[in-house]
Structures are given as structure tokens and as C-alpha cells.
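The primary structure of each chain is shown beneath.
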Amino acid sequence: IGTPAAPSREPEPPARSIPRVSGTGRLEARQPMLALSRFQSSIGSLQVVVGGDVTGMDVLWELGDMRQGSVETAPLDAGRRPLVSYDRMPGFVLGLRHSRGLRRVLFYLPSTSSVTVNLYGGTTIACDPSITVLAVYQHDGRMHLRYDGEPYPTLGTVKAAYGFA
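Computed from a prediction, not measured in an experiment: that's the story for all the values here.

Time to look at unusual backbone geometry. Cis peptide bonds are those with omega within 30 degrees of zero, and the linkage from Met89 to Pro90 qualifies with 5 degrees. Locating Pro90 in the fold gives a position in the loop between strand S6 (84-87) and strand S7 (91-95). Phi angles above zero are rare outside glycine, and Asp140 is one such case at about 55 degrees. Among the residues examined, Asp140 registers a relative accessible area of 46% and is labelled partly exposed.

Moving on: the pairing of strand S11 (residues 133-139). Among the 7 residues that make up S11, 5 are buried, leaving the element largely enclosed by the rest of the structure. One ladder, built from 5 bridges, connects strand S8 (residues 102-108) with S11; its direction is antiparallel. Considered in S11, the bridge of Arg104 is made with Tyr137. For S11 and strand S12 (residues 142-148), the ladder comprises 7 bridges, and the chain directions are antiparallel. Its bridge partner lying in S12, Leu134 is registered against Tyr147.

For sheets, the rule is that strands pair by backbone hydrogen bonds, running either parallel or antiparallel. Across the sheet, 6 strands lie side by side as S2-S12-S11-S8-S4-S5; this open sheet has antiparallel pairing. Every other strand in the sheet has two partners, leaving strand S2 (33-35) and strand S5 (68-70) as the edge strands with one partner each. Taken over all neighbouring pairs, the strand axes of this sheet differ in orientation by 15 degrees on average, direction set aside. Pairing of strand S4 (residues 58-63) with S5, which is carried by 3 bridges, proceeds in the antiparallel orientation. By the bridge assignment, Glu62 is partnered in S5 with Gln68. Its contacts with the sheet place helix H2 (residues 155-162) against S4, S8, S11 and S12, and it is angled at close to 150 degrees to S8.

Averaged over every residue, the pLDDT of the chain is 87; residues scoring 70 or more account for 89%. Taken element by element, the predicted model of the chain shows its lowest mean pLDDT in S6 (89) and its highest in strand S10 (residues 124-127) (97). Low confidence marks residues 10-15, where pLDDT is under 50. Its contacts with residues over four positions away, or in another chain, come to 0 contacts.

Pairing in this open sheet of 6 strands is mixed, and the strands run S1-S10-S9-S3-S7-S6 from one edge to the other. The open sheet is flanked by strand S1 (24-27) and S6, the only strands paired with a single partner. This sheet shows a mean twist of 20 degrees between the axes of neighbouring strands, independent of strand direction. As judged from the 4 bridges shared by strand S3 (residues 45-50) and strand S9 (residues 115-118), these two strands associate in the antiparallel manner. Bridged to Val50 within S9 is Val115.

So, about the environment of Leu106. By secondary structure assignment, the location of Leu106 is in strand S8. Spatially, the C-alpha atom of Leu106 lies 9.5 Å from that of Arg146, the residues being 40 residues apart in sequence. Those residues in contact with Leu106, other than ones at most four positions away along the chain, are Asp58, Val59, Leu60, Val133, Leu134, Ala135, Val158, Tyr162 and Phe164.

Judged by side-chain polarity, Phe39, Ile43 and Tyr120 come together as a nonpolar surface patch covering roughly 310 Å² of accessible area. Of note, Phe39 is situated in helix H1 (residues 38-42).

Moving on, we get to the nonpolar core. One recurring pattern in soluble globular proteins is that nonpolar side chains are buried together. Core analysis: the largest hydrophobic core is formed by 34 residues, its most contacted members being Leu46, Leu94, Phe107, Leu109, Ile125, Leu134 and Leu145. Secondary structure elements with two or more residues in this core: S3, S4, S7, S8, S9, S10, S11 and S12. In this structure Leu46 touches Leu36, Phe92, Val93, Leu94, Leu96, Phe107, Val117, Asn118, Leu119 and Leu145, once residues within four positions along its chain are discounted. By size, the runner-up hydrophobic cluster in this structure holds 9 residues, among which are Leu60, Tyr108, Val158 and Phe164.

The rules behind each value
Residues numbered from 1 in each chain as written. Predicted model: local features only at pLDDT ≥ 70, side-chain atom pairs only at ≥ 80, totals over all residues. Heavy atoms only, no water. Helix = DSSP H or I, 4+ residues; strand = E, 2+ residues; numbered from the N terminus. Buried < 20%, exposed > 50% of the residue type's maximum accessible area, 1.4 Å probe, protein only. Pairing = 2+ DSSP bridges. Axes fitted to C-alpha atoms, helices over the stretch in contact; angles between N-to-C directions. Contact = heavy atoms within 4.5 Å. pLDDT = per-residue confidence, 0-100. Patch = residues over 30% accessible without salt bridge, like charges linked within 9 Å, V, L, I, M, F, W, Y side chains within 5 Å. Areas by Shrake-Rupley, 256 points an atom, 1.4 Å probe, with all protein chains shown as cover. Salt bridge = Lys/Arg side-chain N within 4 Å of Asp/Glu carboxyl O. Core = buried A, V, L, I, M, F, W, Y, C linked by side-chain atoms within 4.5 Å.

Below you can see the structure in the form of C-alpha cells.
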């Protein structure tokens, strides 16, 4: 009588790695996700610069406590700055000071000729012009950016597709 051998286990397949951004990056259908470093995810701001008018564009956000809102209802951080706001470029600015409290942010960009994401330190991410939603997810202190080129006709369809109330 002996001890039964431990059942053999198949090794888990390696997780698909998300490319990290260093200097410049590009979001498009062929490469729909990019990961930021912890430094890039927490210092300064994530600036979304759009080519053209921001009319019809919006930002949806969700915090870790499941509160949700839009750019018009963004909460203020301890420095009395909004979490996300309109930028003069035109575009939007997402403050990264308290990024660990974020769950996700969606930038609805239905009619733009170009979208560029700028980060502290000069990192620039160009987005394919067919982008309609730039999704930013926070996981374990890192921001992940995701390209979405679905032709959402309204903000309501984006809310439904991403599970916003």
C-alpha cells in the first residue's frame, strides 16, 4: 500500500500578453489593447485629443464602488479637480491622481477624424480614425486602453453595450 500519485495537471496556457506602451503606440483593430505601466497609470493626466468638434461626444465613468456618471457629473478629487473634464485641445482630460479608485472610463467619439492619447512624459498613442469608443480599464494599478470601432449610433447604445445604467 502506497500513497496515490498526485493527479497530473496540464500546464495552464500562458495568458495573452497585452503590449505595453513606451514612447509611442497605436490602437487599431489589429492591436485593440495597450497596457500602461504603473507610473504612466498614476502620474499626471491622460489627455484624449480629438480632431474636430466634440459635439455629441461624451465620457462615461465607473468607480470601484460601482458609482457611474458622465463628464457632466464627474466627481472632484481631493484637489477639487474633476475626475474627467473637457479639454481646450479639443478633447478630454482624465486625471490619474486617484486612478486606483477607477474601474473604467469610456470616451464616446462618434464623429472624429483623429484621436490621440497623450500621457505625462511624452508618451503618445495614435488611434485608428475608425475608433468610436476608447475604453480605459483600471486593473491592479495599471490602465489598459481598448479600441472599439463598432458603429454605435447613439450614446444610449454605448451604455447598453457596456452595461451602464
